[in-house]
Amino acid sequence: LGVDFSVYNKKTLNDIIGAKVSPTSGFGSKTVNVGSIENKGIELMLYGSPVKNKDFRWDVSLNYAKNNNKVLRLLTEEVETGDNRESIRLEESRTRNAYIEVIEGLPYSQIVGFEFSKDANGEIMLDDEGLPIRGDLVPLGTGVHPTSIGISNTFSYKNMSLSFLIDSKSGGYIYAATNAFGYTRGLHRNTLEGRETGIGAVAAENVEDYYQRVASISSQFVQKADFIKLRELVFSYNLPKSKLGNLPFESVNIGIAGRNLWLIDSSVDNIDPESTYTSGNGQGLEMFGVPQTRSLQFNIGVKF
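Quick summary incoming for the structure in this document. Just so you know, these numbers come straight off a predicted model, no measurement behind them.

**Quick look at the environment of asparagine 299**
- The topology assignment puts asparagine 299 in strand S18 (residues 295-303).
- Note on asparagine 299: relative accessible area 36%, which makes it partly exposed.
- Spatially, the C-alpha atoms of asparagine 299 and isoleucine 256 are 6.0 Å apart, while their sequence positions differ by 43 residues.
- Residue contacts for asparagine 299: discarding those within four places in its chain leaves Asn253, Ile254, Gly255 and Ala257.

Printed below as a string of structure tokens:
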């Protein structure tokens, strides 16, 4: 049995990011220093062999990581002030109803979107046509998962070996633009409601307007992006030396490996929870994402 454990508390000063600027300037972004960011957390790995004898062996390892992130200060003149908060905008959804911002006092990569406008009693306010009124932009959660867990198992029996890796991430959120567009185009199953009878005070012929208005209220499409995946499955077989005969090999290994085989559980509907359309800092925005590609590999390894 083995244990690796670490605790950290790190502050980063003047971190460099590309902040969005007004397109009237002729540029899309500007490189700025974000200020001060704090990361505190733990990393833990447990590993061992619960079963180990002449013919059979079971090796297992567990990885756990938890990171608490917080933007302490923004030290740049390019901050945008709104709703009593200082922020820098990193990315914008193609729907133009959700954004990724760095906000002082909150975890990095906040998804910012519109809420329903509500009255003093908490009821959704409607306009003269009976359509919900869009409210203010508010932070809806970080697009970066603070918690990750991985479990790896390897079973060996004589010359055969079977291993698999299951991993999960939790605590992060995602804005599913795919679902928002499903509302806009009437392709989401929730838009079936009211097509014949209308919704509330809305006449049936205006249900399309109703769902298009809801599609612009982005808080409805920000969901937890927790998931569990079977990330890898590998089977291998070592040919016995007696089978090698006079071949000039010390050993021969034949194997088959599959990766991204199964989304075991997901908190978000209709999309892969790891979907993204940018390779930058805009974690938490999705747009017509497709499942990760499953791969299958056949391997032959020889040792001379």
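**So, the sheet that holds strand S13 (residues 173-176)**
- A sheet is described by the order of its strands in space; here three strands give the open sequence S14-S13-S17, paired in mixed fashion. A strand with exactly one partner marks an edge of an open sheet, and here the two such strands are strand S14 (222-224) and strand S17 (285-286).
- Here S13 pairs with S14 via three bridges, running antiparallel. Considered in S14, the bridge of tyrosine 173 is made with lysine 224.
- Lying on the sheet, helix H1 (residues 177-185) is in contact with S13, S14 and S17; it crosses S13 at an angle near 30 degrees.

**Topic: a positive patch on the surface**
- A contiguous patch of positive charge on the surface is contributed by Lys11, Lys40, Lys70 and Arg73.
- Along the chain, lysine 70 falls in strand S5 (residues 56-73).
- For lysine 70, a relative accessible area of 38% gives the class partly exposed.

**Things to note about the pattern of salt bridges**
- The tally for this structure, following the rule as stated, stands at nine salt bridges.
- Ionic pairing is found between arginine 89 and glutamate 101, a salt bridge with its closest N-O pair at 2.8 Å. In this pair, arginine 89 is assigned in strand S7 (residues 85-92) and glutamate 101 in strand S8 (residues 98-103), connecting sequence segments twelve residues apart. No difference in accessibility class separates arginine 89 from glutamate 101, as the two residues are buried.
- Ionic pairing is found between glutamate 232 and arginine 259, a salt bridge with its closest N-O pair at 2.9 Å. Taken as a pair, glutamate 232 in strand S15 (residues 227-238) and arginine 259 in strand S16 (residues 251-266) lie far apart in primary sequence, 27 residues in all.
- Classification of glutamate 232 by relative accessible area gives partly exposed; the value is 24%.
- Residues joined by salt bridges that share partners form a network here, namely Asp167, Lys229, Arg231, Asp272 and Glu274.

**Digging into the pairing of strand S11 (residues 147-157)**
- Relative to S11, S5 runs antiparallel, the two sharing eleven bridges. Bridged to leucine 62 within S11 is isoleucine 151.
- Where S11 meets strand S12 (residues 160-170), eleven bridges bridge the pair, whose relative direction is antiparallel. In the strand pairing of S12, isoleucine 151 is matched with isoleucine 166.
- Taking the residues that link successive antiparallel strands as the turn, the S11-S12 hairpin has two residues, and the phi of lysine 158 there is positive, at about 50 degrees.

**Describing the sheet that holds S11**
- Here eight strands make up an open sheet; going across it, the order is S1-S4-S5-S11-S12-S15-S16-S18 and the pairing antiparallel. In the strand order of this sheet, the two ends are held by strand S1 (2-13) and S18, each with one partner. The average undirected angle you get between the axes of adjacent strands in this sheet is 15 degrees.
- Where strand S4 (residues 36-52) and S5 come together, 15 bridges link them in antiparallel fashion. Bridge pairing in S5 links lysine 40 to asparagine 68.

Rules of the game
- Residues numbered from 1 in each chain as written.
- Predicted model: local features only at pLDDT ≥ 70, side-chain atom pairs only at ≥ 80, totals over all residues.
- Heavy atoms only, no water.
- Helix = DSSP H or I, 4+ residues; strand = E, 2+ residues; numbered from the N terminus.
- Buried < 20%, exposed > 50% of the residue type's maximum accessible area, 1.4 Å probe, protein only.
- Contact = heavy atoms within 4.5 Å.
- Pairing = 2+ DSSP bridges.
- Axes fitted to C-alpha atoms, helices over the stretch in contact; angles between N-to-C directions.
- Patch = residues over 30% accessible without salt bridge, like charges linked within 9 Å, V, L, I, M, F, W, Y side chains within 5 Å.
- Areas by Shrake-Rupley, 256 points an atom, 1.4 Å probe, with all protein chains shown as cover.
- Salt bridge = Lys/Arg side-chain N within 4 Å of Asp/Glu carboxyl O.
- Lys, Arg positive; Asp, Glu negative; His and termini not counted.
- Charge placed at Lys NZ, Arg CZ, Asp CG, Glu CD.

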